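Residues per chain are reported as follows:
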Amino acid sequence: MIQINKNSNTLLRIKELINNLRYLEGISQNSNINIASFSFITPLSITPIASIINSKSLKYIYEDNNNSYLETILFPNGINMYDNIFTNKTYIPIIHLDINHLSENELNSQLNLLNDNYMSILKTNIITEKRFIKLITETTISYFLGEMFANIEEHSKAKNIYIFSQYWQKSNSCEICIIDDGQGLYNSLKNAGRNVINSKDALSSILERGLSAKNEFGEIQRGTGLKTTKALLINNELKGEFFIMSGNAAYFQSSKDKGIFINLSNYSWQGTIIMLKFKSPINQFSLYDYVK
Amino acid sequence: MLSKNIDLYNCFNSSSLITRKSASIIFDEISKIQEDNIILDFHGIKYTSRSFLNELISKDSKFHLLNKNVDYVNMSSDISKLYNLVKNSSGLKSSVTYPSLAKAKTITI
């Protein structure tokens, strides 16, 4: 059974997510699953589950009738960007882009447009505290999103992208979860001839050394996207959190700790899951203080 | 010298230029244009990613091989700042350092 409890601690949520994903991995295509009543859902808790339910065409039954939140966020199928997006909400419902049959130019166009539309909705609708946007700046949020979308286009070879965002007025914070079902970080590097041993090595190499699948000797430096995104989130101004999972390894860091690598026992995610969480800064934030 | 203005917003029908592919498309278009003097007009472009600018700057050096002079106009102040940051941080990877992850602990779930 899928369970999501009321954990405010992100590491506990990560453990819970992995348990739920392990459970789903053992379920056959087109099977029925039970979903227990959910207490408090975050984008990280629910978006990967939506992806698996869709990919395996699972039929789900809610344990209780209080599933209105899941219905409003359009779990699990989501919508593509070109449907009507609800306005004046504190969330952007699950967006699901099927990019399997798109040409390179079509994918390029879709991702540019996704960034356009997502930024527009984030700033005008779901982040209702307008000072939040003014202090953090649109450029910062677009930086996060843009780098994630650029990586999907260049490295993932994904067939599907999911993205879901939630803003919480009480804590004046926003969480965005972006996932793809592509080749993952390890395969991306390995297929490019990089010397990486496993998923954890790939993750570590990318986050620490900026190893990229497409370095060219002497060219403008690459591989800064994930590192700089992490740096932007985990400082004492945005008091944010950064989580990435690919293959059988993950990494989590908040502004309060030094970071944790996570080895996944008997589980591997095909593709990449990224969670970005940030709070409204108290003073004007400048991404140029953190981006090198 | 003949000039050609490329309106990026109309070209891509988007106010975001996010992907490296977008920069490659611009380069391909410039390659096909007969004019020697190209103006890339960023009017209407609100958001660019670092990856896009990184790729565009890497193409800069190739424009002169095509005997093209390329100017960027109407960049917003935010895009200009990011462009300059990316351009100034170009070069070997060793010029950029980030905190080591050596102190990160490892757990198994």
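Quick caveat, the model's predicted, so the values are computed rather than measured.

Chemist: Outline the overall build of chain A, supporting the account with residue identities and numerical values.
Modeler: For chain A, the helix and strand inventory stands at 9 helices and 9 strands. In terms of its C-alpha atoms, chain A occupies a principal-axis envelope of roughly 60 × 45 × 40 Å. Across chain A, the fraction of contacts at a sequence separation of at least 24, relative to all contacts at a separation of at least 6, is 66%.

Chemist: Break down the overall build of chain B for me, citing the residues and quoting the values.
Modeler: Counting secondary structure elements, chain B contains 4 helices and 6 strands. Starting at the N terminus, the α and β elements of chain B follow one another as β-α-β-α-β-β-α-β-α-β. Within chain B, buried positions represent 28% of all 109 residues. Within chain B, contacts between residues separated by at least 24 positions form 90% of all contacts whose residues are at least 6 apart in sequence.

Chemist: Could you give an account of the sheet that holds strand β9 (residues 269-279) of chain A, naming the residues involved and the relevant values?
Modeler: Reading across from one edge, β3(A)-β4(A)-β5(A)-β9(A)-β6(A)-β7(A)-β8(A)-β6(B) is the order of the 8 strands in this open sheet, with mixed pairing throughout. Each having just a single partner strand, β3 (91-98) of chain A together with β6 (105-108) of chain B make up the two edges of the open sheet. Geometrically, the sheet is characterised by an average inter-axis angle of 10° between neighbouring strands, direction not taken into account. Note that strand β4 (residues 160-168) of chain A and strand β5 (residues 173-180) of chain A share 8 bridges and pair antiparallel.

Chemist: Any details on the sheet that holds strand β5 (residues 69-73) of chain B? Residues and values, ideally.
Modeler: All names here are of chain B. The strand order across the open sheet built from 3 strands is β1-β3-β5, with neighbouring strands paired in parallel fashion. In this open sheet, the two strands that pair with only one neighbour each are β1 (3-7) and β5. Across this sheet, the average inter-strand angle for adjacent strands is 20°, counted without regard to direction. Two strands pair when backbone bridges link them, and strand β3 (residues 37-41) and β5 are joined in this way by 5 bridges, in the parallel orientation.

Chemist: Outline the interface of chain B and chain A, supporting the account with residue identities and numerical values.
Modeler: Taken together, the contacts link 36 residues of chain B with 42 residues of chain A. Elements represented by at least two residues in the side of chain B that touches chain A include exactly β2 (16-17), α2 (20-32), α3 (50-63), α4 (77-88) and β6 of chain B. Considering each element in turn, the side of chain B that touches chain A owes the most residues, 6 residues, to α3(B). Residue composition of the side of chain B that touches chain A, grouped by class: 13 nonpolar, 15 polar and 8 charged.

Chemist: Tell me what's going on with the environment of Q169(A), and back it up with residues and numbers.
Modeler: Relative to the helices and strands, Q169(A) resides in the loop between β4 and β5. With 110 residues separating them along the chain, Q169(A) and K279(A) place their C-alpha atoms 10 Å apart.

Chemist: Break down the pairing of strand β2 (residues 59-62) of chain A for me, with residues and values.
Modeler: All names here are of chain A. Examined bridge by bridge, strand β1 (residues 32-35) and β2 share 4 bridges and lie parallel to one another. Across the sheet, the residue bridging to N32 is K59, located in β2. Note that the unit made of β1, helix α2 (residues 43-55) and β2 has a crossover that is right-handed.

Chemist: Which residues make up α3(B), and what are the values?
Modeler: Over its 14 residues, α3(B) extends 20 Å from the first C-alpha to the last, a length consistent with the 20 Å expected when each residue adds 1.5 Å. Looking at α3(B), one finds that the buried residues are R50(B), S51(B), F52(B), L53(B), N54(B), E55(B) and L56(B). Against α6 (138-156) and α9 (225-233) of chain A together with β2, α2, β4 (47-48) and α4 of chain B lie the buried residues of α3(B).

Chemist: Explain helix α8 (residues 199-209) of chain A residue by residue, including any values.
Modeler: Because each turn of an α-helix spans 3.6 residues, side chains separated by three or four positions end up pointing in the same direction. Residues and elements named next belong to chain A. Among the 11 residues of α8, 8 are classified as buried, and the element is accordingly described as predominantly covered. Listing the buried residues of α8 in full gives S199, K200, A202, L203, S204, S205, I206 and L207. At its buried positions, α8 is contacted by α7 (184-191), α9, β6 (241-247), β7 (249-254) and β8 (260-263). Of the residues flanking the end of α8, it is G210, one or two places downstream, whose phi is positive at about 70°.

Chemist: Outline unusual backbone geometry, supporting the account with residue identities and numerical values.
Modeler: A cis amide bond links F75(A) with the next residue in sequence, P76(A), at an omega value of -5°. Along the chain, P76(A) turns up in the loop between α3 (68-72) and β3. Phi is positive for N67(B), which is not a glycine, with a value near 60°. As for its placement among the helices and strands, N67(B) is situated in the loop between α3 and β5.

Chemist: Let's hear about the environment of L56(B): which residues, and what values?
Modeler: Position of L56(B) among the secondary structure elements: in helix α3. Placed 31 residues apart in sequence, L56(B) and K87(B) show a C-alpha to C-alpha distance of 9.9 Å.

Chemist: I'd like to hear about the nonpolar core, residue by residue, with values.
Modeler: Residues and elements named next belong to chain A. Formed by 101 residues in total, the largest nonpolar core has its most connected members in F243 and I244. Considering every element that reaches this core, the biggest residue donor is α6, with 8 residues. Ignoring any residue separated from it by four or fewer positions in sequence, one finds F243 in contact with I14, L44, A250, F252, I274 and M275.

Criteria and thresholds
Each chain has its residues counted from 1, following the order in which its sequence is written. Numbering of ligands from 1 and lettering of chains from A proceed in the order in which they are written. Only residues with pLDDT of at least 70 are given local features in this predicted model, and only at 80 or more are side-chain atom pairs given and counted; all residues enter the totals for whole chains, interfaces and linings. Every helix listed is a DSSP run of H or I at least four residues long, and every strand listed is a run of E at least two residues long, numbered separately from the N terminus. With C-beta atoms placed from the backbone, a contact is any residue pair whose C-beta atoms sit within 7 Å. Buried, partly exposed and exposed are defined by the number of other C-beta atoms within 10 Å of a residue's own C-beta, namely 20 or more, between the two limits, and 12 or fewer respectively, with C-beta atoms placed from the backbone. When DSSP finds at least two bridges between two strands, those strands are taken to pair. Only C-alpha atoms enter the line fits that serve as axes; for helices the fit covers just the stretch in contact. Angles between N-to-C directions range over 0 to 180 degrees. Each residue gets one label: Ala, Val, Leu, Ile, Met, Phe, Trp, Tyr, Cys and Pro are nonpolar, Asp, Glu, Lys and Arg are charged, and the others, such as Gly, are polar. Viewed with both strands pointing away, a crossover whose connecting path from the first strand over the helix to the second turns clockwise is right-handed. Helix span is expected to be 1.5 Å times the residue number reduced by one. Note on terminology: a nonpolar core is a set of buried residues of type Ala, Val, Leu, Ile, Met, Phe, Trp, Tyr or Cys, with members joined through C-beta atoms within 7 Å.

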